[in-house]
Amino acid sequence: MRSYDNPVIGGFHPDPSVCRVGEDYYLVCSSFEYFPGVPLFHSHDLVHWRQIGNVLDRPGQLELPDDTVASAGIYAPTLRHHDGRFYMITTNVAGGGTFLVTAERPEGPWSDPVWIDVPGVDPDLAWDEDGACWCAVAGVRVARIDPATGKVLEGPLPVWSGTGLQHPEAPHLYRIGDWWYLMLAEGGTDLGHGVSIARSRSPRGPYEPAPSNPVLSHRGTDRPIQCTGHADLVQAPDDSWWMLLLGTRPRGYFPQYHVLGRETFLAPVRWVDGWPRVGPVRERHPAPAAWHPVELPPERDDFDAEQLAPYWISPRARPDGSWSLSERPGHLTLHATGDSLDRPGHTFVGRRQQHPDCRVEARLDPGTGRGGLSVRMDEAHHYDLEIAGGEASVIARIGPVRQRLARQPVPPGPLTLTVEIRTQDPVSPTGQDVPGLRAGGPDVVVLRVGDVPLAELDGRYLSTQVAGGFTGRVVGMYVTEGTVTFDWFAYRPSSD
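Residues numbered from 1 in each chain as written. Predicted model: local features only at pLDDT ≥ 70, side-chain atom pairs only at ≥ 80, totals over all residues. Heavy atoms only, no water.

Draft legend 1. Representation of the nonpolar core. Formed by 43 residues in total, the largest nonpolar core has its most connected members in Phe303, Leu332, Leu334, Met477 and Phe489. Residues Val215, Ile225, Met243 and Val278 belong to the second largest nonpolar core, which totals 21 residues. (Core = buried A, V, L, I, M, F, W, Y, C linked by side-chain atoms within 4.5 Å. Buried < 20%, exposed > 50% of the residue type's maximum accessible area, 1.4 Å probe, protein only.)

Below, the structure is given as structure tokens:
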């Protein structure tokens, strides 16, 4: 029997929402302060996913001003397919509120936003047998809306808000058989996270809670996957049921740290006496009946395409004048729009760290500019390997402290920069213990120019437990002065 490994989408891909169209599955995740927004994936088997785009891929759909704080922006999208059309609904907490966009094809183009006057986050969409569209939001309240205009036709109506734990959120309404099921997350998106469910004969309620709530939670356990919740249900063509949900993989000693953010996990669902049963979520499960591996993106991007691959993201915006693939063919050219990574408004193009152990390399031509590689959580938490004026340096920004930790002369011309992240062997390549790592750090971050290691840094300071917020690490290229070019960028996972 085949099996699959969790997570099915690694790295900072939280709040998954899934829908099936025939034998195809489509999934979206939250993107918060990053542009483009709402990454979109496709699968034939729920296990192997390929990113096919981003739903919010132009400024007219997604405006994130420079004063958008880290972990604001786009929260918890829901993806649905109805009457031959795709719908994605979400909330921009940085401004504008709740909106939906639509498309005939999942690859787009997606429409401009239709704004909906329903206060709250984590919006959901469902249609009843009469074709009426219902929107549920965290709290939990439901409203009948016109998805074409955004007009609220009824409500919002307060319904069932869980078992009494904090933050009832992520509601999803399903019509299954003769029942309406309302599934939600509660307990907060940390270690107390869980999934609860209730049912009713009408979307308006009243709702009867499941006798075994929560139907899923890892709270109070020592399982390697924690914070399980914010789930969505989907039925496969063979009538089996599955749950996509978020979770984390903390590492280190007490208190444990997770650095990749909240990731997307898959778990089988059984129905018992009219209620779903799921969990625990394991690192390995028996696979669904369908099995369709996909070709993964190349480990190395040589920047030969006309557009950036969909996995490249930037904080808040990526103005047209800040980057180019045509200015120097076969290279990514970055122009400075801000003079520091410590403040919004800088030029940064990166990708999510998706594996606990990985190696990132880039070939940089600094010219007369200032730039390099950065491992970032936000403006106040990042490690930078920077080239400028014939010198390589390592800069650490941890909360209010910014320090240049190492300097090394480098020759002019192109250089290969390396960031190696590892959870094994907490002793540095120089044979010395990394300070404090054995006391609880999740990993070590090694920064090199060529074969020369400049610094080995404790990874805990680039973790959710230190930085806070809802995102995970992003590793990427930046410029803070003048212009720099990158010939290639390689991301290679290594064994955990």
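On we go from here.
Draft legend 2. Seen up close, the sheet that holds strand S34 (residues 401–409). Taken in spatial order, the six strands make up an open sheet running S29-S38-S31-S32-S33-S34, and their pairing is antiparallel. Edge strands, defined here as strands with exactly one partner in the open sheet, are strand S29 (347–352) and S34. Mean inter-strand twist for the sheet, computed between neighbouring axes without regard to direction, equals 20 degrees. In the sheet, strand S31 (residues 370–378) pairs with strand S38 (residues 474–481) via seven bridges, with the strands oriented antiparallel. (Pairing = 2+ DSSP bridges. Helix = DSSP H or I, 4+ residues; strand = E, 2+ residues; numbered from the N terminus. Axes fitted to C-alpha atoms, helices over the stretch in contact; angles between N-to-C directions.)

Draft legend 3. Main features of the environment of Tyr491. Within the secondary structure layout, Tyr491 lies in strand S39 (residues 483–493). For Tyr491, a relative accessible area of 4% corresponds to the buried category. Along the primary structure Tyr491 and Leu153 are separated by 338 residues, whereas in three dimensions their C-alpha atoms are 49 Å apart. Once you skip the residues sitting within four places of it in the chain, Tyr491 turns out to touch Glu299, Arg351, Arg352, Gln353, Gln354, His355, Cys358, Arg359 and Val360. There is a polar contact of 2.8 Å between the side chain of Tyr491 and the backbone nitrogen of Gln354. Within polar-contact distance, the side chain of Tyr491 engages the side chain of His355 at 2.9 Å. (Contact = heavy atoms within 4.5 Å. Polar contact = N/O pair within 3.5 Å; in protein donor to acceptor, adjacent residues only side chain to side chain.)

Draft legend 4. Structural detail: the sheet that holds strand S5 (residues 37–43). What the four strands build is an open sheet, ordered S2-S3-S5-S6; its pairing is antiparallel. One side of each edge strand has no neighbouring strand; the edge strands of this open sheet are strand S2 (17–21) and strand S6 (50–56). Looking at each pair of strands side by side, their axes are set apart by 25 degrees on average, direction ignored. Where S2 lies against strand S3 (residues 24–28), five bridges are found, and the strand directions are antiparallel. Each residue of the ladder has a partner; that of Ser17, found in S3, is Val28.

Draft legend 5. Region of interest: the side chain of Asn92. By secondary structure assignment, the location of Asn92 is in strand S8 (residues 85–92). For Asn92, a relative accessible area of 5% translates into the label buried.

Draft legend 6. Spotlight on the pairing of strand S23 (residues 275–278). Relative to S23, strand S22 (residues 263–272) runs antiparallel, the two being bridged by four bridges. From the neighbouring strand, Arg270 faces S23, where its bridge partner is Arg277. Linking S22 to S23, which pair antiparallel, is a turn of two residues; within it Asp273 sits at a positive phi near 55 degrees.

Draft legend 7. The layout of surface pockets, seen in detail. Considering only enclosed or pocket space, the largest pocket measures out at about 1,200 Å³ in volume. Along the walls of the largest pocket sit 40 residues, with Val8, Gly10, Leu296, Gln354 and His355 positioned nearest its centre. Per-element tally for the lining of the largest pocket: the top contributor is strand S1 (residues 3–5), with three residues. Here the lining of the largest pocket is built from residues that sort into 21 nonpolar, eight polar and eleven charged. (1 Å grid on protein atoms, 1.4 Å probe; cavity = no way out; pocket = protein on both sides within 12 Å on 5 of 7 lines; lining within 4 Å. Points joined across faces, edges and corners; volume = space filled by probe spheres on them. Nonpolar A, V, L, I, M, F, W, Y, C, P; charged D, E, K, R; others polar.)

Draft legend 8. Summary view of empty space enclosed by the protein. Under the counting rule described, the total for this entry stands at two cavities of 30 Å³ or more. What the largest cavity holds in volume is close to 70 Å³. Every residue along the wall of the largest cavity is listed here: Arg249, Arg251, Tyr257, His258, Val259, Leu260, Glu263, Pro356, Thr423, Pro442 and Asp443. Here the residues of the lining of the largest cavity sort into five nonpolar, two polar and four charged. Lining the second largest cavity are Asp15, Ala76, Pro77, Thr78, Asp122, Pro123, Ala170, His172 and His230. Put simply, the parts of the chain that give the lining of the second largest cavity at least two residues each are strand S7 (74–82) and strand S15 (169–176). Among the elements that line the lining of the second largest cavity, the one with the most residues is S7, at three residues. Per-class residue counts for the lining of the second largest cavity are four nonpolar, three polar and two charged.

Draft legend 9. Structural context of the packing of aromatic side chains. In the structure shown here, the tally under the stated rule is 14 aromatic pairs. For the ring pair Tyr26 and Phe86, a centre distance of 5.3 Å and an interplane angle of 80 degrees mean the geometry is edge-to-face. Of this pair, Tyr26 sits in strand S3 while Phe86 sits in strand S8, and the two are 60 residues apart along the sequence. Residue classification places Tyr26 among the buried residues on the basis of a relative accessible area of 9%. For Phe86, a relative accessible area of 4% gives the class buried. Note that Arg351 overlies the ring of Tyr311, its terminal NZ or CZ placed 4.6 Å from the centroid. Positioned over the ring face of Phe348 is Arg376, at 5.7 Å from the centre of the ring. (Phe/Tyr/Trp six-rings, centres within 6.5 Å; stacked < 30°, edge-to-face > 60°. Lys NZ or Arg CZ within 6 Å of the ring centre and 35° of its normal.)

Draft legend 10. Region of interest: the state of the cysteines. Evaluated as defined, the whole model comprises zero disulfides. With no disulfide of its own, Cys29 lies 13 Å from the sulfur of Cys19, the closest cysteine sulfur. Accessibility expressed as a relative area gives 0% for Cys29, which makes it buried. Residue Cys135 stays outside any disulfide, its sulfur separated by 7.3 Å from that of Cys133, the closest cysteine. (Disulfide = S-S within 2.5 Å.)

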